[in-house]
Amino acid sequence: MDAWNHNNYCVPPEHVDGLCACIEALFPWTLIVRKPHLVGYRLGDDLNRGALYLRPTPAARAVFDAVARLRRSDAELGRALAALEGQEADLTDHHGIRIASVEEWEWRVARALVLARTRPELGVTVVRVERPGDPGAVTDYLYQAWVRLGLLGPWRNTFELQALAEGKEPVR
């Protein structure tokens with residue numbers, strides 16, 4: 001059986017400290033390696049069940065700079081990136097994370113909102129929050145919030161935090 005075991009992000013070196021601050025504030029993940037060329041977090045007790053790695057490289061800095069420059073000078077690219085940022089959260093590339101309880105989910109969403117408001121340099125954005133019964137909620141059992149970590153880059157930078165309502169299981 002295949003199992004997803006890690007995500008790896010190539011990031012500008014100067015973003016590493018901010019990304020670590022975001023990750024450590026939002027997720028109870030264990031730091032397993034911190035070297036100049038590699039930062040890694042284990043998502044649970046078993047490394048084979050999930051990890052996140054940050055790989056700082058000058059090439060990532062060059063891509064960030066080029067995208068920012070082109071976004072300003074190329075109206076079509078600017079509109080395309082703005083459309084990606086503005087479309088429904090569940091349509092964008094994102095990584096889904098199941099959280100053990102609704103109480104923990106609520107705490108993490110509140111923490112992300114605080115970071116977005118008080119630490120703008122971290123680039124945290126709470127894109128959307130859905131609770132069962134909210135207009136637009138897809139199910140009556142799933143709590144969902146999409147949190148964007150802008151320091152990861154202009155796309156593929158969003159985490160969907162999910163929790164199941166007590167006593168509910170998804171239909172199989």
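1. Comments concerning the overall build of the protein
Each helix and strand in the protein was counted, giving four helices and eight strands. Across its three principal axes, the protein shows a C-alpha extent of roughly 50 × 40 × 40 Å. Counting only residues that meet the buried cut, the protein has 39% of its 172 residues in that class. A separation threshold of at least 6 residues defines the contact pool for the protein, and within that pool the share at least 24 residues apart is 53%. With the model as given, the accessible surface of the protein reaches about 10,100 Å², and the carbon-plus-sulfur share is 53%.

2. Observations concerning the side chain of Q162
Position of Q162 relative to the elements: it lies in strand 8 (residues 158-164). Relative accessible area serves as the criterion here: at 14%, Q162 is assigned to the buried category. There is a polar contact of 3.0 Å between the side chain of Q162 and the side chain of E160. If we skip the residues at most four places from it in the chain, Q162 touches I97, R98, I99, W105, L142, Y143 and Q144.

3. Here we look at the environment of D74
By secondary structure assignment, the location of D74 is in the loop between helix 2 (58-73) and helix 3 (75-86). Overall, D74 belongs to the partly exposed group, its relative accessible area being 33%. A sequence separation of 40 residues divides D74 from R34, and the C-alpha atoms of the two residues are 38 Å apart. Looking at D74, its side chain comes within polar contact range of the main-chain nitrogen of L77, at 3.0 Å.

Each value, and the rule that gives it
- Residues numbered from 1 in each chain as written.
- Predicted model: local features only at pLDDT ≥ 70, side-chain atom pairs only at ≥ 80, totals over all residues.
- Heavy atoms only, no water.
- Helix = DSSP H or I, 4+ residues; strand = E, 2+ residues; numbered from the N terminus.
- Buried < 20%, exposed > 50% of the residue type's maximum accessible area, 1.4 Å probe, protein only.
- Contact = heavy atoms within 4.5 Å.
- Areas by Shrake-Rupley, 256 points an atom, 1.4 Å probe, with all protein chains shown as cover.
- Polar contact = N/O pair within 3.5 Å; in protein donor to acceptor, adjacent residues only side chain to side chain.

On their own, these measurements won't tell you what the molecule is for.
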